[in-house]
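Listed below, chain by chain, are the residues.
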Amino acid sequence: MLENKEIMNLARRRLSGNWLTPIFASILFIVGYIFLMAIVYIPINSLFGENTSYIIDIVLEIFLIAPTYIGFAYLFYKIVTSDNANIADAFKPVGFIFKKDKRKTYWRNLRALLLLGVCSVVIYGICFIPMFFSLIGSQDQVNNLNGFFYVTFAISMILVSIAMILFVPTYNAFLYKLATDESINAIPCLKQSYKVTVGNRYQYWCLNFRFIGWALLCCVTFGIALLWVVPFIYTSYTIFCKELFDKYNATTTGNTYVSAEDTLKEESQKEETLPEE
């Protein structure tokens, strides 16, 4: 398994010459999202009312915005595995609804994202049960929150933190698998994503901690550095997930496991053998 430092080095190598692709794809997504929301909440709101705007917003979020999450996962997969990634890759899953041979994949993606949403609500809902029970009682107890509430609130926050530690790596692996394998269904995809992250969560969170300095850089530059830091982070996530699934597939099928570490060494050797100008 590739170490975190090597994952980040490989991510920089793969982004070299490709920085503009995820940057422009992100800008296009943000501008398009703002444009859609402006249409929903200004003319439609004034013509048909607030409730209609909310309904249209939900429909757009589910059928148009949500598939782009998988699209961006596919874009970074293309950046990692090939040299022909382009902006359109980030929006391909949205266009599947208009292609007869891809329509099944489009609905599979929506079912998978719905499954992920339901799991998230259930898991985090369970975490807030202690705080919920502390609020059950008379109105005076609710208005005058006592020490018991703060204790249950702290317990709920601890449970949420544990759930995030366990579930967030699975979430990233789940999107990666959906983006790279059109043949797998939602539930098997979630099960497989959970399996590959078992035993690798510590490395995942250590990888996240390595980006703390980059996050501070974004604060110093008033968010401008996000245009470069976010692609760097998600390319690193993609390499990490690719390593997990390649190793899992090799274990289950008996095929040869080719680590990204070997790819990194090959690239280093090629650079060393290049003649100096």
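Residues numbered from 1 in each chain as written. Predicted model: local features only at pLDDT ≥ 70, side-chain atom pairs only at ≥ 80, totals over all residues. Heavy atoms only, no water.

A. Up close: a nonpolar patch on the surface. Nonpolar side chains collect at one region of the surface, where L20, F24, I27, V31, I224, L227 and W228 lie side by side and expose about 660 Å² of accessible area between them. When contributions to the nonpolar patch are tallied by element, the ones reaching two or more residues are α2 (20–48) and α12 (226–253). No other element matches α2, which puts 4 residues into the nonpolar patch. Here I27 lies in helix α2. (Patch = residues over 30% accessible without salt bridge, like charges linked within 9 Å, V, L, I, M, F, W, Y side chains within 5 Å. Areas by Shrake-Rupley, 256 points an atom, 1.4 Å probe, with all protein chains shown as cover. Salt bridge = Lys/Arg side-chain N within 4 Å of Asp/Glu carboxyl O. Helix = DSSP H or I, 4+ residues; strand = E, 2+ residues; numbered from the N terminus.)

B. Geometry of unusual backbone geometry. Positive phi outside glycine occurs at F222, with the angle close to 55°. Turning to its location among the elements, F222 is positioned in the loop between α11 (212–220) and α12.

C. The arrangement of the environment of A163 in detail. The residue A163 is located in helix α8 (residues 147–180) in this model. Given a relative accessible area of 10%, A163 falls into the buried group. Between the alpha carbons of A163 and S120 there is a distance of 9.4 Å; along the sequence they are 43 residues apart. With residues up to four places along the chain from it excluded, the contact list for A163 reads I123, Y124, C127 and V168. (Buried < 20%, exposed > 50% of the residue type's maximum accessible area, 1.4 Å probe, protein only. Contact = heavy atoms within 4.5 Å.)

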